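# Tertiary structure, described
The lines below spell out each chain.
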Amino acid sequence: MHKYFKQMDSLGKGLKDKFKKRSQENAGQLEQAEQEIREARETVKNFGLPGEKINSRGQLTIWQRLEILIDEGTWRPLHMVYNPADNEDCTTNVVDGLARINGRWAVVIGFDNKYLAGAWVPGQPENIFRVTDLAKRLNIPLVWVVNCSGVKLPEQEKFYAGRRGSGTTFFRHAELEQMGIPVLAGIYGTNPAGGGYQSISPTVLFAHKNCNIAVGGAGIVSGMSPRGYFDTESAKELIEAARRHQAQPPGGVEIHHDETGFFRFVFEKEEDVLNAMRDYMTKLPAYDPEFFRVDAPKPPAYPAEDLYHLLPLNQKRTYQFEEILARLVDGSEHMEFWPDDGFEVYTGLVKIDGLLFGCIANRQGFLPEGYPEYADYPGIGGKLYRRGLIKMNEFVTLCGRDRLPIIWFQDTTGIDVGNTAEKAELLGLGQSLIYSIQQTDVPMMLVTLRKGSAAAHYIMGGPTANRHNAFTLGTAATEIYVMHGETAAVATYTRRLIKDEQAGKPLDSTVEKMNQLVEKYHETSRPLFCAKTGLVDEIVDLKELRGYLQAFAGSVYQNPASICPAHQLILPRIIRK
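Turning next to the overall build of the chain. Regarding its fold elements, the chain presents 23 helices and 20 strands. Here the chain has a C-alpha radius of gyration of 27 Å; the compact-globule value for 577 residues is 25 Å, and the two agree. Counting over 577 residues, the chain shows a buried share of 55%. In the chain, 77% of the contacts between residues at least 6 apart in sequence involve partners at least 24 apart. As displayed, the chain offers around 26200 Å² of accessible surface, 52% of which is attributable to carbon and sulfur atoms. Charged side chains of the chain number 65 positive and 71 negative; the gap between the two group centres comes to 3 Å.

Right, here's the structure in full:
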C-alpha cells in the first residue's frame, strides 16, 4: 500500500511577500485576539491561593504536580475557561487536558488545590462529564490527581444531586472500567465524602503518606447538636470534637493501606506519587504507533505562522481551505475524495505523524457555474447543497468501513433553504449525514475555524454528536450561532415592522430592538463566550492547532477498539481508482 500513502498529492504553496504585507493587519488582529484569550486562561490558572502559600504548607499546586506527571511539551489543555454556571470564582475547580505520560497518551484531570482545597463547585460535574466522555471515546486511560475537600456546602443545591450531578462521576468511572479503560488516581490531602468517592472509584490508587479518604470528614464526624439547635455551649463542644478529628482525620494511610488495602501504593514524597504513576502507565494497553503508521512522520512543508495571514478574521472575506490544511498535515500532502463534485465541501485522506485520517471541511467563495445543479442561483461556499451532503455521507460511511478517525473543519453558514432546496431533499440528506456519522463508530474531532451556524454545525461533526465527537476546538475567529445576528433580527422582527407600518406607528422602537438583538448575538457568539459556556472545549492559538491534531492522532491510535488492516482499506483505492 506504500504507493498510496508515500506518494500523496501536494497541497498548498508558499506565501509571497506581497500577500504577507497585504494580510499583516489581519495577522496582527488575530494575534491580539489570541493574547486576550491567553490572558483569560491565566486569570483562571492563577485564581485562588498563591502557589507560594500552598508550597509553604508542604504541598505542591496542581500545576506543579502536572509538570512532574506529564511528558514535557505534550500538554494540550481543555476547558481552561469553561464556567457554565457563571461562578464568580471563574472556575469549575478542575484542570484537564490531553497529555503523554511516560510515552503513553492519557486524559488527565486534577482538582485545583489552590481554591477551597479542591472542592466541588457548580459547573464541575459537566466538566468531568466531558472528560470521562473523552477517555471513553478515545479508549485511553483517565488519570486523576485527587485533592478534593468535598462539597462547597453553601452552594450544594447547584451540583450535588440529579442525573448529571457530582455523584455521576463514580458511575462513569465504573463504566470506563467495565469497558477496560483504567482510571488511575494520585491522592493528596484530605478527601472526605464526595472527595472520598473521588479517591476510591478509580482502578489503582497511589497515595501520599499524609492523605486520607473517608465517607465523612472531621466536620461531619464531629456530630450535630443533640438539642436540634445551636447555642454557645454546643458550639464549644463542636470546637473540641473538631480539634480531635482534625488532629487525625479518619481514613488515613494506616487504615486504607495497612488495613483495607485500598491504597495499592503509598509514598513519602509528593513527587514519588507522580513518578510511580508515570512508571505504571507502561503497564497499560497500548500499541506501538508503528503498528498503524502508513508513512514516516514529517512536518508540514509550510510554517504554521502562515495561518495568521491565510485565515481572515473578517467573516465576509474568503480563503482557500487547502492552504490552511497544507500548514497542518504531514508533508502538506493529501488524497482528495470526489474533487469534481460537491464543490462546497473538501473531503480527503491526510496523515498526522504518519497516521491516516479522514478530513472534511467547508470551502469558501463562489462555486462553479451551474452549481448547485437543482437551482437557478449561484452556489456560495460555506453553505451546503445536495451534492455536498451526498459526498459527505459517502465519505463518512467509507471512513467508518475503513476504521479511520475523522477531523472536521467548520466554517459554515448553514444548509441551502427554500422550496427549491426542499425539493432537492436537503432536509433528508442532512439527517442522512447524522445517521451516517452515528453508524460509523469512529472517533472524531472538530475545529470550528470561523462560523458554526444552523443545522450545518450539528451535522458536520459538531459536539452534538456526543458518541463520536471527542472534543471541539475554536480559534480567535470562531463564531457560533443558530444564524447571523442580522438574519435573526430580520426573522424575529419583520412581522412587527409590517404591523407598525400598517398602524402608522414609528419604526424607531422596533429598529432599536433589532439592533439590540444583533449586539446580543455578537456578544454571545465570541470565542471566549463559546469556551466559557462549553460550545467549544478550548480556544486554541492557530500555531498550536497541529499540536492538538497530533494529540488526537496519538490518542485514537494508541489502543483502538477496532482496526482495519492497511492492505484491506478501500478508500485510497476508490480515490486512485
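There's more to say after this.
On to the domain arrangement of the chain. Frequently, the measure chosen for interface size is the accessible area that the parts lose on association. Considered domain by domain, the chain is made up of domain 1 (48–281), domain 2 (289–478 + 536–576) and domain 3 (484–525). Between domain 1 and domain 2, the C-alpha centre-to-centre distance is 37 Å. With 15 residues of domain 1 at the contact, the number on the domain 2 side is 22 residues. When the buried area of domain 1 at its contact with domain 2 is split by residue, Arg76, Trp105 and Arg137 rank highest and sum to 39% of it. The tally of links between domain 1 and domain 2 comes to 2 salt bridges. Linking Asp537 and Arg130 is a salt bridge whose minimum nitrogen-to-oxygen distance equals 2.9 Å. Linking domain 1 to domain 2 there are 10 residue pairs in polar contact (both at pLDDT 80 or more). Put simply, the parts of the chain that give the side of domain 1 that touches domain 2 at least two residues each are strand E2 (76–78), strand E4 (104–111) and helix H6 (124–138). Among the elements that take part in the side of domain 1 that touches domain 2, H6 stands out by supplying 4 residues, more than any other.

Below, the discussion takes up the nonpolar core. One finds Phe357, Trp408, Phe409 and Phe471 to be the most contacted residues of the largest nonpolar core, which totals 126 residues. Considering every element that reaches this core, the biggest residue donor is helix H22 (residues 545–556), with 7 residues. Shared between two domains, this core holds at least three residues of each, these being domain 1 (48–281) and domain 2 (289–478 + 536–576). If we skip the residues at most four places from it in the chain, Phe471 touches Leu78, Leu98, Leu134, Met444, Met445, Leu446, Asp537, Tyr548 and Phe552. In terms of nonpolar packing, the next biggest core, distinct from the first, is built from 25 residues, Leu69, Trp75, Val95 and Ala106 among them.

Quick notes on the rules
- Residues numbered from 1 in each chain as written.
- Predicted model: local features only at pLDDT ≥ 70, side-chain atom pairs only at ≥ 80, totals over all residues.
- Heavy atoms only, no water.
- Helix = DSSP H or I, 4+ residues; strand = E, 2+ residues; numbered from the N terminus.
- Rg over C-alpha atoms; globule rule 2.2 N^0.38 Å.
- Buried < 20%, exposed > 50% of the residue type's maximum accessible area, 1.4 Å probe, protein only.
- Contact = heavy atoms within 4.5 Å.
- Areas by Shrake-Rupley, 256 points an atom, 1.4 Å probe, with all protein chains shown as cover.
- Lys, Arg positive; Asp, Glu negative; His and termini not counted.
- Charge placed at Lys NZ, Arg CZ, Asp CG, Glu CD.
- Domains from an automatic or database assignment.
- Buried area = accessible area lost by both parts, 1.4 Å probe.
- Salt bridge = Lys/Arg side-chain N within 4 Å of Asp/Glu carboxyl O.
- Polar contact = N/O pair within 3.5 Å; in protein donor to acceptor, adjacent residues only side chain to side chain.
- Core = buried A, V, L, I, M, F, W, Y, C linked by side-chain atoms within 4.5 Å.

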